[in-house]
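Topology and contacts: notes
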Amino acid sequence: MENEVLPLPVDAALEKFKASLLDINTNVPPPSVICYLKEFDGHNVDHIRIMTRQNISVIQGKAKTGKTFFISLLLPAIMEQREHMEKFVGNKEVLDLCPSIIMEDTEQGVYDSYWTMRRIVDQCAVKDNLHYSHTKKYTPTERIEILEAALKHGDGNFGLLVIDGMADRTVS
């Protein structure tokens, strides 16, 4: 069967378990924040982290509630590494080493994907660090292989991967 995942031998699984244990005596620094949400309560400004490196951030909502539109508001702040719409703040230091972003769209048609991409880049001075991939026509397995190849062997210096349509990536 193609891409069949075989179970780990018990000894290998136990070794991975031991290697995955956290040590309470080790200080773990916080991850670098990619994007903050700026909150103002009338007296104080608070920065709430939305996306961090080395973590998976999920934007969840019912169908047709504006998740893609919300992403198109976040990405200009991240790409420009600045405050956007007085609400979203991209961290200036985080994407300096890996400034490119991949956004994969698995749901929309080509026309709507194109206009989502335009909405994002039209808000930015720097337009060439967004790699917008339209993968609706591929199977979930092919989508995984495409992204793995882009991340491992592509010529981009990717610091962020956004997948619009995570449910469409599942393989049953």
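Residues numbered from 1 in each chain as written. Predicted model: local features only at pLDDT ≥ 70, side-chain atom pairs only at ≥ 80, totals over all residues. Heavy atoms only, no water.

Bringing the overall build of the protein chain into the picture now. Assigned secondary structure in the protein chain consists of four helices and seven strands. The order of helices and strands in the protein chain, counted from the N terminus, is α-β-β-α-β-β-β-α-β-α-β. C-alpha extents for the protein chain along the principal axes are approximately 55 × 50 × 35 Å. Evaluated residue by residue, the protein chain yields a buried proportion of 29% over its 172 residues. Restricting to contacts in the protein chain with at least 6 residues of sequence separation, those with at least 24 account for 62%. A total accessible area of about 12000 Å² is found for the protein chain, and carbon and sulfur atoms account for 57% of it. Counting 19 positive and 25 negative side-chain charges, the protein chain places the centres of these two groups 4 Å from one another. (Helix = DSSP H or I, 4+ residues; strand = E, 2+ residues; numbered from the N terminus. Buried < 20%, exposed > 50% of the residue type's maximum accessible area, 1.4 Å probe, protein only. Contact = heavy atoms within 4.5 Å. Areas by Shrake-Rupley, 256 points an atom, 1.4 Å probe, with all protein chains shown as cover. Lys, Arg positive; Asp, Glu negative; His and termini not counted. Charge placed at Lys NZ, Arg CZ, Asp CG, Glu CD.)

Quick look at the pairing of strand β1 (residues 33-40) now. Here seven bridges tie β1 to strand β2 (residues 45-52), and the two strands are oriented antiparallel to one another. By the bridge assignment for β2, Tyr-36 is matched with Arg-49. Between the end of β1 and the start of β2, which pair antiparallel, lie four residues, with Gly-42 showing a positive phi angle near 105°. The pairing of β1 with strand β4 (residues 88-90) spans three bridges and is antiparallel. Considered in β4, the bridge of Cys-35 is made with Gly-90. (Pairing = 2+ DSSP bridges.)

Another point: the pattern of salt bridges. Going through the model one piece at a time under the given rule, you end up with one salt bridge. Measuring nitrogen to oxygen at the nearest pair gives 2.9 Å for the salt bridge that ties Arg-118 to Asp-122. Owing to a relative accessible area of 29%, Arg-118 belongs among the partly exposed residues under this scheme. The exposure class assigned to Asp-122 is partly exposed, which follows from its relative accessible area of 45%. (Salt bridge = Lys/Arg side-chain N within 4 Å of Asp/Glu carboxyl O.)

Now for unusual backbone geometry. A positive phi angle, near 60°, is found at Lys-64, a position not held by glycine. For Lys-64, the location among the structural elements is in the loop between β2 and α2 (67-80). Overall, Lys-64 belongs to the exposed group, its relative accessible area being 85%.

Quick look at the layout of surface pockets now. Vacant regions in the atomic arrangement are exposed by a probe of water-molecule size rolled over the atoms. Of the volumes computed, that of the largest pocket is approximately 950 Å³. Lining the largest pocket are 34 residues, with Ile-59, Ile-71, Val-162, Ile-163 and Asp-164 sitting closest to its centre. For the lining of the largest pocket, the secondary-structure elements that each account for two or more residues are β2, α2, α3 (110-121) and β7 (158-164). Considering every element that reaches the lining of the largest pocket, the biggest residue donor is β7, with six residues. Residues of the lining of the largest pocket, tallied by class, amount to 15 nonpolar, twelve polar and seven charged. (1 Å grid on protein atoms, 1.4 Å probe; cavity = no way out; pocket = protein on both sides within 12 Å on 5 of 7 lines; lining within 4 Å. Points joined across faces, edges and corners; volume = space filled by probe spheres on them. Nonpolar A, V, L, I, M, F, W, Y, C, P; charged D, E, K, R; others polar.)

With respect to the helices and strands, Thr-68 occurs in helix α2. Separated by 2.5 Å, the side chains of Thr-68 and Asp-164 make a polar contact. Discounting residues that sit within four places of it in the chain, Thr-68 has contacts with Gln-108, Thr-116, Arg-119 and Asp-164. (Polar contact = N/O pair within 3.5 Å; in protein donor to acceptor, adjacent residues only side chain to side chain.)

This brings us to the sheet that holds strand β3 (residues 83-84). Each strand in a sheet pairs with its neighbour through backbone hydrogen bonds, running either in the same direction (parallel) or in the opposite one (antiparallel). Taken in spatial order, the four strands line up as β2-β1-β4-β3 in an open sheet, and their pairing is antiparallel. In this open sheet, the two strands that pair with only one neighbour each are β2 and β3. With two bridges joining them, β3 and β4 adopt antiparallel strand pairing. Among the inter-strand pairings, Glu-83 is bridged to a residue of β4, identified as Val-89.

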